[in-house]
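Descriptive structure summary
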Amino acid sequence: MTSSPLIPPDEDARLRTLQQYDVLHSLNEAVFDEFVALAARVFSLPISLIAVVDEEQVHYAANFGMPGNNVQSREEALCSTAILHDKAVVYKDLSTEQEAFITAQAMQAAEQNQLRFYAAAPLRMPDQRNVGALCIIDRQPRVFTTQEQHVLEELAALVSEAVVTRHRCRSLPTGGEARWQSICGQLQEELQGLTALVRYMLTRYGIQIPVPADVLAQVERRFQDLHDILNPQWE
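I will try to describe carefully the structure that is included in this document. None of these values were measured; they are calculated from a predicted model.

**Looking at helix 7 (residues 176–205)**
Helix length check: helix 7 (30 residues) gives 43 Å between terminal C-alpha atoms against 44 Å at 1.5 Å per residue, within 8%. For helix 7, the elements touching its buried residues are helix 3 (31–42), helix 6 (146–170) and helix 8 (213–230). One or two steps after helix 7, the chain reaches glycine 206, where phi turns positive at roughly 85 degrees.

**Focus: the sheet that holds strand 3 (residues 71–73)**
On the basis of which strands lie adjacent, the open sheet formed by 6 strands has the order 3-2-1-6-5-4 and antiparallel pairing. Only two strands of the sheet have a single neighbouring strand rather than two, namely strand 3 and strand 4 (89–91). When strand polarity is set aside, the average angle formed by the axes of neighbouring strands in this sheet is 25 degrees. Against the sheet, helix 1 (residues 11–20) engages strand 1 (47–53) and strand 6 (130–138), with an angle of about 85 degrees to strand 6.

**Considering a nonpolar patch on the surface**
Together, Val143, Ile207 and Ile209 make up an exposed nonpolar region whose accessible area comes to about 280 Å². Turning to its location among the elements, isoleucine 209 is positioned in the loop between helix 7 and helix 8.

**Considering the side chain of glutamate 161**
Within the element layout of this structure, glutamate 161 appears in helix 6. The buried charged residue glutamate 161 lacks any salt bridge, with arginine 168 as its nearest oppositely charged partner at 9.9 Å. Beyond its immediate stretch of four places on either side in the chain, glutamate 161 contacts His227, Leu230 and Asn231.

**A word on the environment of glutamate 148**
Relative to the helices and strands, glutamate 148 resides in helix 6. Note: C-alpha distance between glutamate 148 and alanine 213 (65 residues apart in sequence) is 8.4 Å. Beyond its immediate stretch of four places on either side in the chain, glutamate 148 contacts Phe43, Arg142, Val143, Pro210, Val211 and Leu216. From its side chain, glutamate 148 meets the backbone nitrogen of valine 211 in a polar contact 3.0 Å long.

Conventions we followed
- Residues numbered from 1 in each chain as written.
- Predicted model: local features only at pLDDT ≥ 70, side-chain atom pairs only at ≥ 80, totals over all residues.
- Heavy atoms only, no water.
- Helix = DSSP H or I, 4+ residues; strand = E, 2+ residues; numbered from the N terminus.
- Expected span 1.5 Å × (residues − 1).
- Contact = heavy atoms within 4.5 Å.
- Pairing = 2+ DSSP bridges.
- Axes fitted to C-alpha atoms, helices over the stretch in contact; angles between N-to-C directions.
- Patch = residues over 30% accessible without salt bridge, like charges linked within 9 Å, V, L, I, M, F, W, Y side chains within 5 Å.
- Areas by Shrake-Rupley, 256 points an atom, 1.4 Å probe, with all protein chains shown as cover.
- Salt bridge = Lys/Arg side-chain N within 4 Å of Asp/Glu carboxyl O.
- Buried < 20%, exposed > 50% of the residue type's maximum accessible area, 1.4 Å probe, protein only.
- Lys, Arg positive; Asp, Glu negative; His and termini not counted.
- Polar contact = N/O pair within 3.5 Å; in protein donor to acceptor, adjacent residues only side chain to side chain.

Structural measurements only, silent on function.
Below you can see the structure in the form of structure tokens.
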């Protein structure tokens, strides 16, 4: 794959970062299932995934709404294109999409799975390497506003923060695992509460596409609580 356009210029450093933060194993933890459930709920979409892009494959470490979709080759995965950008990528209708980075294999896989809409924001580590993506998917085309893209990027940033915090906890000389489990419990509770709030708002006001700006604003206000949990005092 060395000549593939899916390979970013910093690939070797990116793969080292992937290993340094133990990203794939990190994302196997249950708290990341809460992130994809929240993402699907916020945007009223049936599918949300957290993807990790390694040397040859894309692993779907957290999966909401697409059971059995665990791994694809990089050429077959739309998420391979997400790590090439430093902001959200949006394919509003894959049946007419002309993005140069989408391979014929990825388009064929999307067609086989009846996927029409795809958006993803990169998971970026502190060294600014993109190791994966938080993506949302629909089986029909849809619009996606600039504010929706921003919220998706913020959610991806929170996922990235959680991976880094787990790594930092586990690097502590003592008590690191207990520290992470405490943070993890608080994080899951907050994510479940936010998901319940979104469910309530959608039940009360109905599902609207695109998501109304005031609904997104209420969700964003709660993100600070998640940031606070993920950035404890380390003394």
